[in-house]
Amino acid sequence: MLDGAATAEGTRRFSERFPEAEEKGFFRRLGDLRVSSIGLGTYLGEPSDAVDRGYEEAIAAALEHGINLFDCAINYRHQLSERALGRALAAAIESGRVARDEIVVATKAGFLPFDGTVPDDPAAYLRREYVASGAIGRDDLVANCHCISPRYLDDQLERSRSNLGLGTIDLYYLHNPETQLAEVDRDELGERLEEAFGWMEERREAGAIVRYGVATWDGLRLPPSAPRHLSLAAVVERAGDGLAVVQAPVNLAMPEALAAPTQQIGDAVVPLAVAARHFELALVSSASLMQMRLERLPEEIDAAFPGLASDAQRALQFTRSLPGLTAALVGMSSRRHVEENLALARREPASTETIQGLFA
């Protein structure tokens, strides 16, 4: 298991190896770290050896081209994405191409993962693996798939550290905590979040994680009246000093984090990007290319981002250019995807005026 974690000095050293990208504003601050404004995500793909190999090749190419932010979750591809990421990083570090303190690794816990494949009897597997072992108590499980109790998170963190081969995880997310609202009320969710964050602070003190966040799908981009709405102010109130990042989907079809007033700050209701900045939290986008479900983009998008070679590049340029965004995550499981997307490292982000003009 590799020791160490990302550091300010290490991530600065990494960014300085790419002076053209640095000059174009490709690297941004996440606390005291320097991270690439495009991060490699690992959600998509079948649980197969071929996809594993694709991810390992993509991660190697990403490190060569200037990406140092890698995002995963224990349930992605039934733990195989974490394992592929761990192998690729270990190979890069062992070869001397990169150092551990230059790389920012994020993963998530909350959903119940299988192990490599879907078992013949999924319910029996989950009962045996998590309930019978004591990782999940009788009242902890929500929607037959989600749990954020400290003892479950402890189980998941140790599995993730083993999968990734890392003694310390740079960023550990609670994965879609709004899922809990399917069966518990907001007061109960608040208490569960406080317990989970308290556990995370303990794991920070022990050196197993460095900082933590909440990774959401609906919660932070929905209005306060929505059943699955999460209040960022309430999350911050329950958390400790280690809360550093919020993650939400942001793309051309889902611009709510920038444009929709969903978060109450005092007497005002503001977009998530404004609220994150108010609480001094980094904002990271997921699904920056709508998980590759792109159709032909309208002509005004083409005009707003001239000189780009594909709709994927234009869509990604939109997301990574949003005011207040730290990094845009993109699933990349081949070297070709990395090279296409990293062409943007040699271009400055679009101006705020360009982005705002798309909503005029």
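A count of helical and extended segments in the chain gives 14 helices and 12 strands. Relative to the 2.2 N^0.38 estimate, which gives 21 Å for 360 residues, the radius of gyration of the chain is 20 Å and therefore close to what a compact globule would have. Counting only C-alpha atoms and orienting by the principal axes, one finds that the chain spans roughly 55 × 55 × 40 Å. Buried residues in the chain amount to 57% of all 360 residues. Long-range contacts, defined here as pairs at least 24 residues apart, represent 76% of the contacts in the chain between residues at least 6 apart. Counting only carbon and sulfur atoms, one obtains 48% of the accessible surface of the chain, whose full area is about 14800 Å².

Attention now moves to helix H3 (residues 49-65). Here H3 contains 17 residues, and its C-alpha end-to-end distance of 24 Å stays within 8% of the 24 Å for a straight helix at 1.5 Å per residue. Of the positions making up H3, those classed as buried are Val51, Asp52, Gly54, Tyr55, Ala58, Ile59, Ala60, Ala61, Ala62 and Leu63. Along its buried surface, H3 packs onto helix H1 (8-16), strand S3 (38-41), strand S4 (69-71), helix H4 (80-95) and helix H13 (335-341). After H3 finishes, the residue Gly66 shows a positive phi value of roughly 115°.

Within the structure shown, the criterion is met by 29 salt bridges. For Asp71, the salt bridge is made with Lys108, and the minimal N-O distance between the two is 2.5 Å. With Asp71 in strand S4 and Lys108 in strand S5 (residues 104-109), the pair connects residues that are 37 residues apart, well separated along the chain. The class of Asp71 is buried, set by a relative accessible area of 4%. In this structure Lys108 comes out as buried when scored by relative accessible area, which is 1%. Residue Asp140 pairs with Arg151 through a salt bridge whose shortest N-O separation is 3.4 Å. One end of the pair, Asp140, is in the loop between helix H5 (122-131) and helix H6 (150-164); the other, Arg151, is in helix H6, with 11 residues separating them in the sequence.

A separate point is the pairing of strand S2 (residues 33-36). Here S2 shows a buried face lined by Leu33 and Val35 and a second buried face lined by Arg34 and Ser36. Where strand S1 (residues 27-30) folds back onto S2 in an antiparallel hairpin, the turn is made up of two residues, including Gly31, whose phi is positive at roughly 65°.

Moving on: the side chain of Asn176. Along the chain, Asn176 falls in the loop between strand S6 (169-175) and helix H7 (186-206). We classify Asn176 as buried; its relative accessible area is 14%. Sequence-distant contacts of Asn176, defined by excluding residues within four places in its chain, comprise Phe111, His146, Ala215, Thr216 and Trp217.

A few words on the nonpolar core. Judged by nonpolar contacts, the single largest core of 84 residues is most densely connected at Leu40, Leu63, Phe70, Leu174, Phe197 and Val246. When residues in this core are grouped by element, the largest group, six residues, is from H7. For Leu174, the contacting residues outside a window of four places in its chain are Ala109, Ile148, Leu153, Leu193, Ala196, Phe197, Met200, Gly213, Val214 and Ala215. In terms of nonpolar packing, the next biggest core, distinct from the first, is built from 16 residues, Leu33, Val245, Ala282 and Leu329 among them.

A word on the sheet that holds strand S12 (residues 327-331). Around the barrel, which closes on itself, the eight strands sit in the order S3-S4-S5-S6-S7-S8-S11-S12 with parallel pairing between neighbours. Across this sheet, the average inter-strand angle for adjacent strands is 30°, counted without regard to direction. Strand direction decides the pairing type here: S6 and strand S7 (residues 209-215), joined by six bridges, are parallel. Paired with Tyr172 across the bridge in S7 is Tyr212.

Our next topic: unusual backbone geometry. For His78, which is not glycine, the phi torsion reads 55° and is therefore positive. Checked against the element boundaries, His78 lands in the loop between S4 and H4. Taking relative accessible area as the criterion, His78 reaches 18% and is therefore assigned buried. With phi around 55°, Ala143 is a residue other than glycine that occupies positive phi space.

Moving on, we come to a negative patch on the surface. Together, Asp185, Asp187, Glu191 and Glu195 make up a negatively charged patch on the protein surface. With respect to the element layout, Asp185 can be found in the loop between S6 and H7.

On to the environment of Leu33, then. The residue Leu33 is located in strand S2 in this model. Sequence separation of Leu33 and Ala244 is 211 residues, and the distance between their C-alpha atoms is 11 Å. With residues up to four places along the chain from it excluded, the contact list for Leu33 reads Ala6, Thr7, Ala8, Thr11, Arg28, Val104 and Arg211.

Let's shift gears to the side chain of Asp170. Within the secondary structure layout, Asp170 lies in strand S6. Residue Asp170 is classed as buried on the basis of its relative accessible area, which comes to 0%. At 2.8 Å, the side chain of Asp170 and the backbone nitrogen of Ala6 are in polar contact. Reaching out from Asp170, the side chain makes a polar contact with the backbone nitrogen of Val105 at a distance of 2.8 Å. In this structure, Asp170 is in contact with Ala5, Ala6, Arg100, Ile103, Val104, Val105, Val210 and Arg211, ignoring residues within four places of it in sequence.

Moving on, we get to the environment of Leu164. As for its placement among the helices and strands, Leu164 is situated in helix H6. Residue class for Leu164 comes out buried when judged on its relative accessible area of 3%. Through-space distance from the C-alpha of Leu164 to that of Asp121 is 27 Å; in sequence the pair is 43 residues apart. The residues contacting Leu164, other than those within four sequence positions of it, are Glu82, Leu85, Gly86, Val105, Thr107 and Ile169.

Calculation rules
Residues numbered from 1 in each chain as written. Predicted model: local features only at pLDDT ≥ 70, side-chain atom pairs only at ≥ 80, totals over all residues. Heavy atoms only, no water. Helix = DSSP H or I, 4+ residues; strand = E, 2+ residues; numbered from the N terminus. Rg over C-alpha atoms; globule rule 2.2 N^0.38 Å. Buried < 20%, exposed > 50% of the residue type's maximum accessible area, 1.4 Å probe, protein only. Contact = heavy atoms within 4.5 Å. Areas by Shrake-Rupley, 256 points an atom, 1.4 Å probe, with all protein chains shown as cover. Expected span 1.5 Å × (residues − 1). Salt bridge = Lys/Arg side-chain N within 4 Å of Asp/Glu carboxyl O. Pairing = 2+ DSSP bridges. Core = buried A, V, L, I, M, F, W, Y, C linked by side-chain atoms within 4.5 Å. Axes fitted to C-alpha atoms, helices over the stretch in contact; angles between N-to-C directions. Patch = residues over 30% accessible without salt bridge, like charges linked within 9 Å, V, L, I, M, F, W, Y side chains within 5 Å. Lys, Arg positive; Asp, Glu negative; His and termini not counted. Charge placed at Lys NZ, Arg CZ, Asp CG, Glu CD. Polar contact = N/O pair within 3.5 Å; in protein donor to acceptor, adjacent residues only side chain to side chain.

By themselves, these observations are geometric and do not establish any function.
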